[in-house]
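Residue strings, one per chain:
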Amino acid sequence: MAARVLRLALAGRPAAGAWSRRASRGSSHLTAPRGRTEAPQEEERPHFSRSSIGSFFQERPQLRNPFLQDALLQGYLRRHLPAQAVSAVGADLERFGERICSEVDALGRQCEETPPRLQHCDAWGRRVDRILTCPAWGRMKEISAQEGLVAAGYERTFRDWSRVYQMSKLYLCSPSAGLYTCPLAMTDGAAKVIESLGKSGPLDKAFQRLTSRDPQQFWTSGQWMTERKGGSDVASGTETVARLQPDGTYRLYGFKWFTSATDSDMTLTLGRVEDSLGHTVGGSKGLSLFYAEVRDELGHLNNIEVQRLKDKLGTRQVPTAELLLDGLRAHRVSEEGRGVASIANMLTITRLHNTVSAVAGMRRIIALGRDYATKRFVFGKFLKDHPLHMQTLARMEVETRAAFLLMMSVCRLLGREELGSASELELHLLRLLTPVAKLYTGKQAMSVVSEGLECFGGQGYMEDTGLPGMLRDAQVLSIWEGTTNILSLDVLRCLAKSHGQVLEAFFTDAKSKLATASGKRELGPAVTAVDSALGRLGQLVQTVAQLSPRFLELAARDLAYSLARIYMGALLVDHAAWEGATKTDLYAALRWCEQDLCPVVTKETHGCYEQEAVAMDTALVYDGSPVITHSAL
């Protein structure tokens, strides 16, 4: 009987009296054929009727309290914060770390899985342009207020260490926040601009809301600068016009091509004031800064049409839109023609937030990777026991530690600047290191997070693990608030405007950090490497005055990389020389300084900035293309 059933089953034909299977609500049930009441015999079941899928399931990496897992952050706070602040800050960060694990991380995942959508019309055909976000996005706003993720920077409870405290919370939270850190960055930037301009009139109400801890009062701000011609070139790309009204307000007309966090409550934006004849001034001299509330008293959009939401590679959680301003009521908050100068403070803040997000992403992928290494058993042992795997994670760790110390240096300098306690040297360093940190850590984040995905093998490529989204989101870090090349040119402008004083500050500070480590023999190779790089850079700088502007532009990117690597080396050496440093702090400094710390000199030696190299670069790019012929070069 059993043999006959097997033959018929394999032939795809039902057998008389055989057991049949039916599906009910997704479950399998056995039904005895008519005339049979005995229990089925195991040997009568068709082969493979219940094929085994195996008993092994890989244990997932676990997110643990990110503060307690971060030895470098704890060490930095113990070393630098005043004694009375260490306990309070540490306790709050530990408590917040638990909240991240128990609440925030799940909300961030919901934001990723339920991106915003645009409803153009209501059920009756009326144009409403509602941006619909998930409940988790709204909950993130409430938590941000409660935790003071913006407010902490302006309450200044810990005086000039308040920015370090605030950014430490954002650093812990950022990878779990479902990109809510994006509107927080612009909110922080808007608050900084308003504080610098003076909190008067409508700006006073805005500032109070932007820096509130009350979820019912807290506002977020958008940043509407980019237009179709746009990108970083706002001077020639801004076409929005502002028409003065009898009551002293303005009406804005224009098209904003890229507006982040479009569901925010207010915005700062640029426009050109029309004179009585309808004429405007071109270039940056014609741009003024305006403040506008996004909705009116009834909650309707303030003469704004949402054309569409952007379909982005990453940061899908953040509603980013194209907007038509058709008479947006606004207040001019800068002097006429001083709009670009007025947003300088905003760029300092948002670029710092960008740096924090980059370093936080690196730290999170390493935290998950090292936990996974204790759970993944392959080729006879756990990943943590494979030396090559540990070497890879260690190299990622060195990159992250260097980035962390650079990030914290900018946070500390900003806090001192805001309290008026910064020296002239520190002010120059803040101006130089802000773009340097943003451009370099943005590149590091993409590399480290990409490497981190490999630590999970195929699971690192699976969307439902949440890991691929980290890489997509990291890509924006080298683009938002200025690409790597744009920021490299900003570094050049910084050097020119300060007549070289920022470089003097850089050299002075880096050498002082090396001096603190000069007596520690174990750090000798790292100290020598940083000192040598400083010397080579100094020799190049001495010839800068004789170099053409075209040479400097070509060298800008490598110069920025050199400044970053040298200063990171000095910071790692300085931290490793601290009496509370560990062997791993020492090891990280040594490893970092094994690389080429001054690529701008290396490239100059190889003639990469010569005119012939320029021609060959173009020839190489367009080789075989009809666009440009070699003869034209």
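Residues numbered from 1 in each chain as written. Predicted model: local features only at pLDDT ≥ 70, side-chain atom pairs only at ≥ 80, totals over all residues. Heavy atoms only, no water.

> Can you help me understand the domain arrangement of the protein chain in this one?
For interface size, the figure often reported is the accessible area lost on association. Domain annotation of the protein chain identifies domain 1 (71-211), domain 2 (221-340) and domain 3 (514-632). Using C-alpha coordinates to define each centre, domain 1 is positioned 35 Å away from domain 3. If you look at the interface, domain 1 gives five residues, while domain 3 gives four residues. Surface buried jointly by domain 1 and domain 3 totals about 410 Å² across both partners, of which 58% is contributed by carbon and sulfur atoms. Where domain 1 touches domain 3, the interface holds one residue pair in polar contact (both at pLDDT 80 or more). Grouping the amino acids of the side of domain 1 that touches domain 3 by side-chain chemistry returns two nonpolar, one polar and two charged. (Domains from an automatic or database assignment. Contact = heavy atoms within 4.5 Å. Buried area = accessible area lost by both parts, 1.4 Å probe. Polar contact = N/O pair within 3.5 Å; in protein donor to acceptor, adjacent residues only side chain to side chain. Nonpolar A, V, L, I, M, F, W, Y, C, P; charged D, E, K, R; others polar.)

> Honestly, the pattern of salt bridges in this entry has me stumped. Any pointers?
Where charged atoms from two side chains of opposite charge come close, those side chains can pair. For the coordinates displayed, the defined rule picks out 47 salt bridges. Glutamate 418 is the salt-bridge partner of arginine 156, the closest N and O atoms lying 3.6 Å from each other. Linking arginine 156 in the loop between helix H5 (152-155) and helix H6 (162-173) with glutamate 418 in helix H12 (residues 387-419), this pair joins segments that are 262 residues apart in sequence. For the pair arginine 156 and glutamate 418, a shared accessibility class is recorded, and that class is buried. (Salt bridge = Lys/Arg side-chain N within 4 Å of Asp/Glu carboxyl O. Helix = DSSP H or I, 4+ residues; strand = E, 2+ residues; numbered from the N terminus. Buried < 20%, exposed > 50% of the residue type's maximum accessible area, 1.4 Å probe, protein only.)

> Quick question: what am I supposed to make of the packing of helix H17 (residues 524-542) against helix H18 (residues 549-577) here?
Angle between the axes and distance between the axes: these two values describe a pair of packed helices. As a packed pair, H17 and H18 sit with axes 10 Å apart at the nearest point and diverge in direction by 150°. By the angle between their directions, the pair H17 and H18 is classed as roughly antiparallel. Here H17 runs over H18; the crossing is left-handed. Contacts between H17 and H18 pair Ala526, Val527, Val530, Ala533, Leu534 and Leu537 from the former with Leu559, Leu563, Ile566, Gly569, Ala570 and Val573 from the latter. Here the residues of the contact of H17 with H18 are counted per class, giving eleven nonpolar, one polar and no charged. (Axes fitted to C-alpha atoms, helices over the stretch in contact; angles between N-to-C directions. Parallel < 35°, antiparallel > 145°, perpendicular 65-115°, else oblique. Left-handed = near helix turned anticlockwise from the far one by under 90°.)

> Just to check I follow, could you spell out the nonpolar core for this structure?
Nonpolar side chains tend toward joint burial in soluble globular proteins. Ranked by size, the top nonpolar core spans 158 residues in total, and within it Ile365, Phe404 and Phe506 carry the most contacts. Among the elements that line this core, the one with the most residues is H18, at 16 residues. In contact with phenylalanine 506, other than residues within four places in its own chain, are Leu429, Leu432, Leu534, Leu537, Leu563, Ile566 and Tyr567. Counting residues in each nonpolar core, the second largest holds 17 residues, with Val273, Ala292, Ile304 and Ala330 among its members. (Core = buried A, V, L, I, M, F, W, Y, C linked by side-chain atoms within 4.5 Å.)

> Is there a simple way to explain the side chain of arginine 363 in this structure?
Looking at the element boundaries, arginine 363 is found in helix H11 (residues 344-372). A relative accessible area of 12% means that arginine 363 is categorised as buried. A distance of 2.8 Å separates polar atoms of two side chains, one belonging to arginine 363 and the other to glutamate 397. Beyond its immediate stretch of four places on either side in the chain, arginine 363 contacts Asp70, Tyr171, Glu397, Thr400 and Arg401.

> Where do I start with the packing of aromatic side chains in this structure?
Each aromatic ring pair is described using two quantities: the centre-to-centre distance and the angle formed by the ring planes. Counted under the stated rule, the structure contains 13 aromatic pairs. When the ring of tyrosine 154 is compared with that of phenylalanine 207, the centres are 5.7 Å apart and the planes differ by 90°; the resulting orientation is edge-to-face. With tyrosine 154 in helix H5 and phenylalanine 207 in helix H8 (residues 202-210), this pair connects stretches of sequence that are 53 residues apart. Comparing tyrosine 154 with phenylalanine 207, the two get one shared label, buried. Centroid distance tryptophan 257 to phenylalanine 258: 6.2 Å. Interplanar angle 35°. Geometry classified as tilted. A relative accessible area of 36% places tryptophan 257 in the partly exposed class. Assessed through its relative accessible area of 27%, phenylalanine 258 is described here as partly exposed. The rings of Tyr76, Tyr171 and Phe404 are connected pair by pair, giving a single aromatic cluster. Geometry around tyrosine 253 places arginine 243 over its ring, the cationic atom sitting 4.5 Å from the centre. One cation-aromatic arrangement involves lysine 310 over tryptophan 257; the distance from NZ or CZ to the ring centre is 3.5 Å. (Phe/Tyr/Trp six-rings, centres within 6.5 Å; stacked < 30°, edge-to-face > 60°. Lys NZ or Arg CZ within 6 Å of the ring centre and 35° of its normal.)

> Can you help me understand the environment of glycine 500 in this one?
Within the fold, glycine 500 resides in the loop between helix H15 (484-497) and helix H16 (501-517). The spacing of glycine 500 and histidine 428 is 72 residues in sequence and 9.8 Å in space, taken between C-alpha atoms.

> Looking at this structure, I do not really get the pairing of strand E3 (residues 117-121). What am I missing?
If a strand is regular, its side chains alternate between the two faces of the sheet. Pairing of E3 with strand E4 (residues 127-132), which is carried by four bridges, proceeds in the antiparallel orientation. Bridging from a neighbouring strand, arginine 117 pairs with leucine 132 of E4. Between E3 and E4, which follow one another and run antiparallel, lie five residues, and glycine 125 among them has a positive phi close to 90°. (Pairing = 2+ DSSP bridges.)

> So what exactly am I meant to see when it comes to the packing of H11 against helix H13 (residues 424-454) here?
Their axes nearest at 8 Å, the elements H11 and H13 cross at an angle of 25°. Comparing the axis directions of H11 and H13 gives the class roughly parallel. Considering the relative orientation of H11 and H13, their crossing is left-handed. Along its contact with H11, which presents Thr348, Arg351, Asn354, Thr355, Ala358, Val359, Gly361, Met362 and Ile365, the element H13 presents Thr434, Pro435, Ala437, Lys438, Thr441, Gly442, Gln444, Ala445, Val448, Val449, Gly452 and Leu453. Residues of the contact of H11 with H13, tallied by class, amount to ten nonpolar, nine polar and two charged.

> How do you make sense of helix H21 (residues 611-621) when you look at a structure like this?
Because each turn of an α-helix spans 3.6 residues, side chains separated by three or four positions in sequence point in the same direction. Residues Ala613, Val614 and Ala619 constitute the buried set of H21. Buried positions along H21 lie against H18.

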